[in-house]
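# What the coordinates show
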Amino acid sequence: MKIYGLSDEAVRVSREKYGDNRMTEQKTEGFWDKFKDNLGDPMIKILCVALVINVVFTFLGQTEWYESVGIALAVLIATLVSTFSEYKNENAFQKLQAEAAQIKCKVYRNGTILELPIDDIVKDDCVLLQSGDKIPADGILVEGSIQVDQSALNGESKEATKVVMPTDYREENTAMDFLNQYKLFRGSVVCNGNAIMQVTMIGDKSVYGQIAGELQIEDDRDTPLKVKLGNLAGNISKFGYLGGIAIAVALLFQRIIIHNGFDMAQISAYCSNWMVIVNDVVQAIMLAVIIIVMAVPEGLPLMIAIVSALNMGKMLKDNVLVRKIAGIETAGSLNILFSDKTGTITKGQLETVVFVDGSGADYKRYDAVPGKLHNLLSLNINYNTSAIVSGEGKDMRIIGGNATERAVMRFVAGNTGDAVPVEVTDSIPFNSQNKYSATHVRGDYDLSLIKGAPEKILARCTAYYNTEGEKKALHAFDTLDHTINELAGRAIRVLALATCENDIKDGALPEGDWTLIGIVGIRDEVRPESVTAIAEVQNAGVQVVMITGDRKDTALAIAKEAGLLNATDALVLTSDELAKLSDDEIKDKLTNIRVVARALPSDKSRLVRIAQDLNLVVGMTGDGVNDSPALKRADVGFAMGGGSEAAKEASEIVILDDNFSSIDKAILYGRTIFNSIRKFIIFQLTINVAAVLISFIAPLMGMENPLSIAQILWINLVMDTLAALAFGGEPALKRFMQEKPKKRDESVVSGYMWNAIITGSLLIFGLSLFFILVPLTKTFFRPDAANKYLLTGYFGFFIFISVFNAFNARTEQLNLFDHLKDNKGFLQVMLVIVVVQVIMTYCGDVILRCFGLTVREWIFVLILSIIIIPVDLIRKLIVTRVSFKY
């Protein structure tokens, strides 16, 4: 049949009427769109409110300008860091997508074949399809037949045969019927054969395009971190407001009542002076606002941005590309992970995993097969196949043939020295009806080589070759049957290899007795690293459910080897069995489900929805277009780097090496970020609570606040921003994977954290009272009427005790130097804080109410400050016995 293809005029008319094959690009956020979205973070919103209040008071002359600048910088830097990190990775992702989309197609135009970009194809074009080609549009065959891999669309790993549509075929409503043998779909891959396809649907109207179009729908489900931080922001606001009001009332009580000695006459005289009252009220309101501002950990958004950015870089080196920064922490919060099998838990490629000879001996590698049996095995595999070896060494590829033939050829590929000089004289190609192929060769050997299903081959064999290539009577049928059954139980497909001395005649298998070479076992092997990674993820409290299009027995065997069926109550369901269950029934059984076989795309989306209804944090892996809706719906979608562009567009994280162990790493990094956030909150809230307590109690005890407003602002500025840098570099530790996953709405401040915050803040508060009120303290400082050296020492004490407490906060271990070498920035930042504080002590003067201290005074300050370390170590010892959860 002569294929002419479309003329230039026909192409123009088709393009005007139907458009071209270009897909509508997924909506992507630009830099400023991402920046605006990141400003919506709950903590950033609180900071913005605090900034507005602070700016107003700055213009009224009641606060220093640098506090407003500090808050503004905290907001700006935190938002810019997270935006830039996300934007940078998104650009890297779009570059990968662009490279993946550069597909050339062989198209008939004006009677000749042209190589055209996939986007230039129009409706009614005729496209030449050959082994290895990706089908560029939906269509039907007009010539030839091919086998295609449609797993990217329907998750079914079995290759589908496509043939020319009969002229009398009546098409029904089967647009999405992937089993239709006459229809081809964009995104499928040609595995074997040559054919010509006529394009019927292009671009967004193709099945691929329709699924991709569904991904434009926005998901408004908040991330677990956003939920937790939203709750924290609300609690901090309440604490700040209540604390601020209480301190304002306490200050007014001190000025009006205590300062006047509870004497009604003096109080009346005080109240008659309205200017004094207004001044004190303004001071009280100003202090209240400062406390409210201080209650907000300005450094938290910056710390989250820094730790996320640092870990995004580390993750990329580990083959994990984070598209959306929230996806990292969400990965650490996973309760349940629905994982694809092919290419994620398994290698995604059929391999010959064993060869068994006629005596029952097995060999895991081709080069382990001894003697002349080695040559006979090579002869049958190399000449009885439609697959061929292209290239050498690292460039070697197996092309042609179906997946099974390529797997068998890969077993012997690269052993060119084993080639036997023979000539092929006749052959019978493999087909699914006959379940065998045969080839006759002449030369050093004059044999018919047969390969096929064991039930077709073994019954004809009367002998087998021993390791020296000698024929021996075959009696071990029971042993071979047992081996075949045992391999089948491990999801290993088996082919038998045999020879016959008679010729192939008229396309029929040779008559006479056959001699068995052996049987080969083929399987998509479980990745060894996946077994370890699955065990780690399960130990981390994450339920792993394998979803596959394979048969139940195959899925069961893979799941057992992968370690998914360790529990006695583990459930293995098929798609049909799942469909018979109501949503409520699935909810009851969900904790026991480990495998879903023969799964449909709708099953994945349904399972994600049901798990989310149970308030679980849900992860989904996938590589096909059919996986995209479920990836989009999940709290975090993991797309495989070798998967479809649609799947990657729908995901938050792309696993570049298609390996389950990389998902394990993503969970670890997510937990590292969350733990770093918690460490920073312990450090920050301990300071804030202590400052609020001393600011509240001091007026009630008839004295001025030992920390001036400028000093409080300085503590807030230095401790928030610089400490964010220190805690942002915490390393990813394997022990984080031993923790149970956090609930979606679980408070970000745990019982352990409250224990640390309350203990630390009360200790700082108690030592503060000791510092200020106990006469003994004054003996260590030079006497003066205004106690300026004592108060300067107290300011330094508050900074230094906070620095020492940072060592307590960064680890729950008794060893404060635990993995400290892995976060060198921590020591550097703490050293900077100490040096800056010492400098400000001598240069702060009236602004910070600082006056230079002597060596004796500094020693006293340091000794009192370091007390928090042994006290917290005792707390940790007690906590480990009480078993507080971190």
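Structure first, text after, so check above.
Here's a quick rundown of the structure. (Residues numbered from 1 in each chain as written. Predicted model: local features only at pLDDT ≥ 70, side-chain atom pairs only at ≥ 80, totals over all residues. Heavy atoms only, no water.)

### Digging into the pattern of salt bridges
Going through the model one piece at a time under the given rule, you end up with 36 salt bridges. Two residues, K604 and D627, come together in a salt bridge whose shortest N-O distance is 2.2 Å. Highlighted residues: K604 in helix α20 (residues 601-613) and D627 in the loop between β24 (618-622) and α21 (628-633), separated in sequence by 23 residues. As far as the burial class goes, K604 and D627 line up, both buried. E812 is paired through a salt bridge with R735; the nearest N and O atoms lie 3.2 Å apart. (Salt bridge = Lys/Arg side-chain N within 4 Å of Asp/Glu carboxyl O. Helix = DSSP H or I, 4+ residues; strand = E, 2+ residues; numbered from the N terminus. Buried < 20%, exposed > 50% of the residue type's maximum accessible area, 1.4 Å probe, protein only.)

### Considerations on the pairing of strand β16 (residues 447-452)
Within β16, 6 of the 6 residues are buried, leaving the element largely enclosed by the surrounding structure. Neither face of β16 is open: one carries L447, L449 and K451, the other S448, I450 and G452, and all of them are buried. Pairing of strand β15 (residues 436-443) with β16, which is carried by 6 bridges, proceeds in the antiparallel orientation. When the sheet's bridge partners are listed, S437 is paired in β16 with K451. Turn length for the β15-β16 hairpin, with the two strands adjacent in sequence and antiparallel, is 3 residues. (Pairing = 2+ DSSP bridges.)

### Re the side chain of E405
Considering the arrangement of structural elements, one finds E405 in helix α13 (residues 403-412). A residue is classified by how much of its surface remains accessible, and E405, at 7% relative accessible area, is buried. In terms of polar contacts, E405 uses its side chain to reach the side chain of S386, at 2.6 Å. Non-local contacts of E405, meaning those with residues more than four positions away in its chain, are made with N384, T385, S386, A387 and K451. (Polar contact = N/O pair within 3.5 Å; in protein donor to acceptor, adjacent residues only side chain to side chain. Contact = heavy atoms within 4.5 Å.)

### Some thoughts on the packing of aromatic side chains
Under the criterion given, the structure shown has 16 aromatic pairs. Through successive ring pairs, a cluster of aromatic residues spans F771, F780, F781, Y794, F797, F798 and F860. Across from the ring centre of Y789, 3.8 Å away, lies the NZ or CZ of R782, which sits over that ring. Positioned above the aromatic ring of F826, the side-chain terminus of R810 is 5.7 Å from the ring centre. (Phe/Tyr/Trp six-rings, centres within 6.5 Å; stacked < 30°, edge-to-face > 60°. Lys NZ or Arg CZ within 6 Å of the ring centre and 35° of its normal.)

### Some words on the sheet that holds strand β22 (residues 571-574)
Two orientations exist for strands paired in a sheet by backbone hydrogen bonds: parallel and antiparallel. Ordered in space as β8-β26-β25-β24-β9-β21-β23-β22, the 8 strands form an open sheet in which the pairing is mixed. With one partner strand each, in any of the chains shown, β8 (320-322) and β22 form the two edges of the open sheet. Direction aside, the axes of adjacent strands within the sheet are offset by 20° on average. Where strand β9 (residues 336-340) meets β24, 3 bridges bridge the pair, whose relative direction is parallel. By the bridge assignment for β24, F338 is matched with M620. (Axes fitted to C-alpha atoms, helices over the stretch in contact; angles between N-to-C directions.)

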